[in-house]
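Inside the fold
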Amino acid sequence: VEVLDHPELRGKPVIVGGSRERGVVSSASYEARRYGVHSAQPMATAARLCPHAVFLPVRMVRYKSVSKQVMAIFHRFTPLVEPLSIDEAFLDVTGSERLFGDAVHIAKQIKGAVFREVGLTVSAGVAPSKFVAKIASDMDKPDGLTIVSPKHVTRFLDPLPVSKMWGVGKVTRKALADLDIYTFKELRSTPTDLLVKTLGQTGARIKWLSMGVDEREVVVAHETKSIGHEQTFRHDICSLDDARAALLALADKVGRRMRGSGFLGKTVSLKVKYHNFKQITRAVTLDRPTDDGFAIYAAVCGLLTKTGAGKRPIRLLGISLSGLTVSKISEQLSLFNSGLDRQHRKNVNIATDVIIDKHGDKSIRPATLFPEE
């Protein structure tokens, strides 16, 4: 999307992410990936690997807008679209072939439509199951089309390393290596009882996947399970007062996201990552669900001391709400015991949301978040 908006960047290494000091890579162009840059990598590492790259901040609003355009094109060809992320989705086109042709022809039409109307290339995988289609879609990026027919599934999978399989991380790879299993074919040829003895039910699951067997259907809608926000700090936070101020800002953002999504949440979770990358999570369930930033803030302040905060530098703080329900006026939680009723508090939130939507995040905030003069 950044190259689309800035054609002069075409052919150059481009890295999108947070600050160079403390942020992580959100995405990198293929020119940057040749230097070893990849997503979720510290930006400082990416800068060392590719110092001549163009570094850009994340513009999530723009990316979501483009994603909606692409997903809308998907829906022209089938209602059975299951988004995996902002830039990836499963499509079941078995009911669309009479209208648009076979799956391969549909994939070509989608690729062409996205390129003409949005200006982006799409890589597609056509296969008889979700698992195989996902692997196929990754084979020939950034503008590929990989087709795996039902009779050629094992031929396609057999030479692949087991690291390509979902759910196979470092620990599982080590266990498989101890059994001299490095490829899908070696996994497929291993007795199921030996895999179960070594890996439990995971062993049976990956054995089926190694044969291309995946009976999951495309699921049109996913239930939203949690809403949250987190921040990695440019400099480690060392005091409880600084941590509480950061949590107030985070809680305010989470509250606005909750209201924007139309949800209330009952379980508040706090994530603390320390300077040594050790991470601690604590949670509390409220008496009543809320979408109010100050209620969320009060809850996480109660959790903060349970994480050991104040004793060592903090690198990251995060807040999320789960146990979500659809927001209703009668369910609004009263924050203050100073006479403000629930409807009054709701009106305050509505007013601040309108101001922020019109004038930006810094237009109105809790007073303690304004710098002292």
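Anyway, here's the lowdown on the structure attached to this text. Just so we're clear, the structure is a prediction, and the values are computed from it rather than from any experiment.

What counts, and where the lines are drawn
Residues numbered from 1 in each chain as written. Predicted model: local features only at pLDDT ≥ 70, side-chain atom pairs only at ≥ 80, totals over all residues. Heavy atoms only, no water. Helix = DSSP H or I, 4+ residues; strand = E, 2+ residues; numbered from the N terminus. Expected span 1.5 Å × (residues − 1). Buried < 20%, exposed > 50% of the residue type's maximum accessible area, 1.4 Å probe, protein only. Axes fitted to C-alpha atoms, helices over the stretch in contact; angles between N-to-C directions. Parallel < 35°, antiparallel > 145°, perpendicular 65-115°, else oblique. Left-handed = near helix turned anticlockwise from the far one by under 90°. Contact = heavy atoms within 4.5 Å. Pairing = 2+ DSSP bridges. Nonpolar A, V, L, I, M, F, W, Y, C, P; charged D, E, K, R; others polar. Salt bridge = Lys/Arg side-chain N within 4 Å of Asp/Glu carboxyl O. Core = buried A, V, L, I, M, F, W, Y, C linked by side-chain atoms within 4.5 Å. Patch = residues over 30% accessible without salt bridge, like charges linked within 9 Å, V, L, I, M, F, W, Y side chains within 5 Å. Areas by Shrake-Rupley, 256 points an atom, 1.4 Å probe, with all protein chains shown as cover.

1. Digging into helix α13 (residues 240–261)
Every α-helical turn comprises 3.6 residues, leaving residues that sit three or four positions apart pointing alike. Under the 1.5 Å per step criterion, the end-to-end length of α13 is 31 Å for 22 residues, consistent within 8% with the ideal 32 Å. Those residues of α13 lying buried are Ala243, Ala246, Leu247, Leu248, Leu250, Ala251, Asp252, Val254, Gly255, Arg256, Met258 and Arg259. Just past α13, the residue glycine 262 takes up positive phi, approximately 80°.

2. Topic: the packing of helix α9 (residues 170–178) against helix α11 (residues 192–199)
In the contact formed by α9 and α11, the axes pass within 11 Å of each other and the chain directions differ by 135°. If you check the angle between α9 and α11, you find them oblique. Both α9 and α11 take part in a crossing whose hand is right-handed. Taken together, the residues of α11 that come into contact with α9 (itself represented by Thr172, Ala175 and Leu176) are Leu195, Thr198 and Leu199.

3. Re the pairing of strand β10 (residues 279–290)
Sheet analysis places strand β9 (residues 263–274) next to β10, joined by 8 bridges and oriented antiparallel. Bridge pairing links leucine 270 to arginine 282 in β10. Where β9 folds back onto β10 in an antiparallel hairpin, the turn is made up of 4 residues, including phenylalanine 277, whose phi is positive at roughly 70°.

4. Thoughts on the sheet that holds strand β2 (residues 25–28)
The 3 strands are arranged β2-β1-β3 in an open sheet whose pairing can be described as mixed. The outermost strands of the open sheet, each flanked by one partner alone, are β2 and β3 (54–56). Each adjacent strand pair in this sheet contributes to an overall mean axis angle of 25°, direction not counted. As judged from the 3 bridges shared by strand β1 (residues 14–17) and β3, these two strands associate in the parallel manner. Bridged to valine 16 within β3 is leucine 56.

5. Some thoughts on the packing of α11 against helix α12 (residues 201–210)
α12 packs onto α11 with a crossing angle of 135° between their chain directions and a minimal axis gap of 6 Å. Of the possible angle classes, the one that applies to α11 and α12 is oblique. Here Thr192, Leu195, Val196 and Leu199 of α11 lie close against α12, whose contacting residues are Gln201, Thr202, Gly203, Ala204, Ile206 and Lys207. Taken together, the residues that form the contact of α11 with α12 break down as 5 nonpolar, 4 polar and 1 charged.

6. Considering the pattern of salt bridges
Across all of its chains, the model carries 15 salt bridges by this definition. A salt bridge links arginine 76 to glutamate 117; the shortest N-O distance between them is 2.6 Å. Remark: glutamate 117 occurs in helix α6 (residues 103–117) and arginine 76 occurs in helix α4 (residues 60–77); sequence separation between them is 41 residues. Looking at glutamate 117, the relative accessible area reads 41%, which means it is partly exposed. Connected through salt bridges with shared partners, the residues Glu2, Asp5, Arg59 and Arg62 form a single ionic network.

7. A short note on the nonpolar core
Within the largest apolar cluster, 27 residues are counted, with the highest numbers of intra-cluster contacts made by Leu247, Val268, Leu270, Ile314, Leu317, Ile319 and Leu321. Counting residues per element, the ones that place at least two in this core are β8 (226–237), α13, β9, β10, α14 (293–304) and β11 (314–326). Top element by residues in this core is α13. It accounts for 7 residues. Residues Phe131, Ala136, Ile206 and Leu209 belong to the second largest nonpolar core, which totals 21 residues.

8. Considerations on a nonpolar patch on the surface
Judged by side-chain polarity, Val58, Met60 and Ile86 come together as a nonpolar surface patch covering roughly 220 Å² of accessible area. Relative to the assigned elements, isoleucine 86 resides in the loop between β4 (81–85) and β5 (88–91).

9. Description of the side chain of threonine 146
Within the element layout of this structure, threonine 146 appears in strand β7 (residues 145–147). Classification of threonine 146 as buried rests on a relative accessible area of 14%. Not counting residues up to four positions away in its chain, the partners in contact with threonine 146 are Ala124, Gly125, Val126, Ala136, Met139, Asp140 and Phe156.

10. Quick word on the sheet that holds β10
Read across the sheet, 4 strands follow the order β8-β11-β9-β10 without closing on themselves; strand pairing throughout is antiparallel. A single partner strand is all that each edge strand has here, and the edge strands are β8 and β10. Going from strand to strand, the sheet's axes swing by 15° on average, the running direction of each strand aside. In terms of strand pairing, β8 meets β11 through 8 bridges, oriented antiparallel.

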